[in-house]
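Chains, contacts and geometry: an overview
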Amino acid sequence: PSRLIALAADKELLAQEVKRAYEKRFNILKRKLRRASFGSVVSIFLSKILIALSFEIPFELLILNQTIPYSFFLSILFLPFLMFLIVVSIRLPPKKNLETLIVKVTSIINGTFTFEPINLRTKKRRLFTSLLLGSVQLLVLGIVFSAVIFILTLAHLSFSSIGVFLIFLSLIIFSGMRIKQWSYELTVETRNEGIAGFLVDVLSIPIVILGKTLAGKFYRFNIFILLTNLVFEAPLQS
């Protein structure tokens, strides 16, 4: 308590302490984002190869009796590249964020900061609003997926490969948005995404919801351990 009183009395010392604590958290966040970005790209790439070897290629060769088009291998490379583009576009808070933080912390200590009341009770959404919102999300999801299916069909991918591609697309966008949310951890300024950001949100939110659902299902059933057993352990034991 005595140290806090000394900090409150010295604005320069307070600013230095806030900056020191902020930079420490900032470096932790930067390392966290770097690890998550690298891990997500590698995991998407390895998972896609694993599923291609264990399911897609045998299904197309043995069941559909089709040759593997070059576009199939391009789709394997495109998915981790898309994950890479998403994580590269994520930006940490700018330097101005620290200045705003110092001003707000100082105003809180001086008692001049005005806190906005927060209503913890959530309003129940009306049935009509829920149906309307759900219909819009399904419509957007249908439009986006229809466009993707049309492009993949032109690339001569089979329905099984298209299905796997859509699943991975949903998981990638969900993972990318989750990592992007981490970058806002230290942000105290009001974010202005602009029209482009608004359109991206409108198009991505339904896919994010689908990706979150699929991620929960895959985590629950541990599908990657199952695939590993099928690809490596079962043939070895046989």
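Only a predicted model underlies this, so the values are computations on that prediction, with no experimental measurement involved.

1. Observations concerning the confidence of the model for the protein chain
- When pLDDT is averaged across the protein chain, the result is 82; 88% of the residues are at 70 or more.
- Mean pLDDT per element in the protein chain: helix 8 (residues 223–237) is the minimum at 61, and helix 4 (residues 95–110) is the maximum at 88.

2. Digging into the layout of surface pockets
- What the second largest pocket holds in volume is close to 400 Å³.
- Lining the second largest pocket are 18 residues, and of these I86, I173, M177, V200 and S204 sit closest to its centre.
- The set of elements that each furnish at least two residues to the lining of the second largest pocket consists of helix 3 (70–88), helix 5 (127–154), helix 6 (159–182) and helix 7 (194–221).
- In terms of residues, the lining of the second largest pocket owes the most to one element, helix 7, which gives 6 residues.
- Its residues placed into classes, the lining of the second largest pocket shows 11 nonpolar, 4 polar and 3 charged.

3. A look at helix 2 (residues 11–63)
- For helix 2, spanning 53 residues, the distance from its first C-alpha to its last is 73 Å, which sits close to the expected 78 Å at 1.5 Å a residue.
- Among the residues of helix 2, the N-terminal cap falls to D10, whose side-chain oxygen and the backbone nitrogen of E12 are separated by 3.2 Å.
- After helix 2 finishes, the residue N65 shows a positive phi value of roughly 55°.

4. Here's the deal with the environment of E189
- As for its position among the elements, E189 is in the loop between helix 6 and helix 7.
- In this structure E189 comes out as partly exposed when scored by relative accessible area, which is 24%.
- Sequence-wise, E189 and L101 are 88 residues apart; in three dimensions their C-alpha atoms are separated by 8.2 Å.
- Contact partners of E189, with chain neighbours within four places excluded, come to P94, K96, N97 and T100.

5. What about the packing of helix 3 against helix 6?
- Interaxial distance between helix 3 and helix 6 falls to 9 Å at its minimum, and their mutual angle equals 10°. Taken together, the axis directions place helix 3 and helix 6 in an arrangement best described as roughly parallel. Between helix 3, through F72, S75, F78, L79, L82, M83, I86 and V87, and helix 6, the contact on the second element is made entirely by S161, F165, F168, L169, I172, I173, S175, G176 and I179.
- Partitioning the contact of helix 3 with helix 6 into residue classes produces 13 nonpolar, 4 polar and no charged.

6. Describing the side chain of S71
- Its place among the elements puts S71 in helix 3.
- Non-local contacts of S71, meaning those with residues more than four positions away in its chain, are made with A155 and L157.

7. Here we look at unusual backbone geometry
- The phi dihedral of H156 falls on the positive side, at around 65°, and the residue is not glycine.
- For H156, the position within the fold is in the loop between helix 5 and helix 6.

8. Thoughts on a positive patch on the surface
- A grouping of K30, R31, K32, R34 and R35 is seen on the molecular surface, where their side chains present a positively charged patch.
- By the element assignment, K30 lies in helix 2.
- Among the residues examined, K30 registers a relative accessible area of 33% and is labelled partly exposed.

9. Things to note about the packing of aromatic side chains
- Going through the model one piece at a time under the given rule, you end up with 5 aromatic pairs.
- Taking the centre distance of 6.0 Å and the plane angle of 90° together, the rings of F59 and F159 count as edge-to-face. Separated by 100 residues along the polypeptide, F59 in helix 2 and F159 in helix 6 bring together distant segments of the chain.
- On the basis of relative accessible area, F159 is assigned to the exposed category, the value being 60%.
- Consider the rings of F72 and F73, whose centres lie 5.5 Å apart with planes at 80°: the pair is edge-to-face.
- With a relative accessible area of 0%, F72 lands in the buried category.
- We classify F73 as partly exposed; its relative accessible area is 42%.
- Among the aromatic residues, those joined into a ring-pair cluster are F55, F59 and F159.

10. Notes on the nonpolar core
- Within the largest apolar cluster, 44 residues are counted, with the highest numbers of intra-cluster contacts made by M83, F145, I172 and I179.
- For this core, the secondary structure elements donating two or more residues are helix 2, helix 3, helix 4, helix 5, helix 6 and helix 7.
- In terms of residue count, the dominant contributor to this core is helix 2 (12 residues).
- Setting aside residues up to four positions removed in sequence, I179 forms contacts with L33, A36, S37, S40, M83, V87 and I90.

Conventions we followed
Residues numbered from 1 in each chain as written. Predicted model: local features only at pLDDT ≥ 70, side-chain atom pairs only at ≥ 80, totals over all residues. Heavy atoms only, no water. pLDDT = per-residue confidence, 0-100. Helix = DSSP H or I, 4+ residues; strand = E, 2+ residues; numbered from the N terminus. 1 Å grid on protein atoms, 1.4 Å probe; cavity = no way out; pocket = protein on both sides within 12 Å on 5 of 7 lines; lining within 4 Å. Points joined across faces, edges and corners; volume = space filled by probe spheres on them. Nonpolar A, V, L, I, M, F, W, Y, C, P; charged D, E, K, R; others polar. Expected span 1.5 Å × (residues − 1). Polar contact = N/O pair within 3.5 Å; in protein donor to acceptor, adjacent residues only side chain to side chain. Buried < 20%, exposed > 50% of the residue type's maximum accessible area, 1.4 Å probe, protein only. Contact = heavy atoms within 4.5 Å. Axes fitted to C-alpha atoms, helices over the stretch in contact; angles between N-to-C directions. Parallel < 35°, antiparallel > 145°, perpendicular 65-115°, else oblique. Patch = residues over 30% accessible without salt bridge, like charges linked within 9 Å, V, L, I, M, F, W, Y side chains within 5 Å. Areas by Shrake-Rupley, 256 points an atom, 1.4 Å probe, with all protein chains shown as cover. Salt bridge = Lys/Arg side-chain N within 4 Å of Asp/Glu carboxyl O. Lys, Arg positive; Asp, Glu negative; His and termini not counted. Charge placed at Lys NZ, Arg CZ, Asp CG, Glu CD. Phe/Tyr/Trp six-rings, centres within 6.5 Å; stacked < 30°, edge-to-face > 60°. Core = buried A, V, L, I, M, F, W, Y, C linked by side-chain atoms within 4.5 Å.

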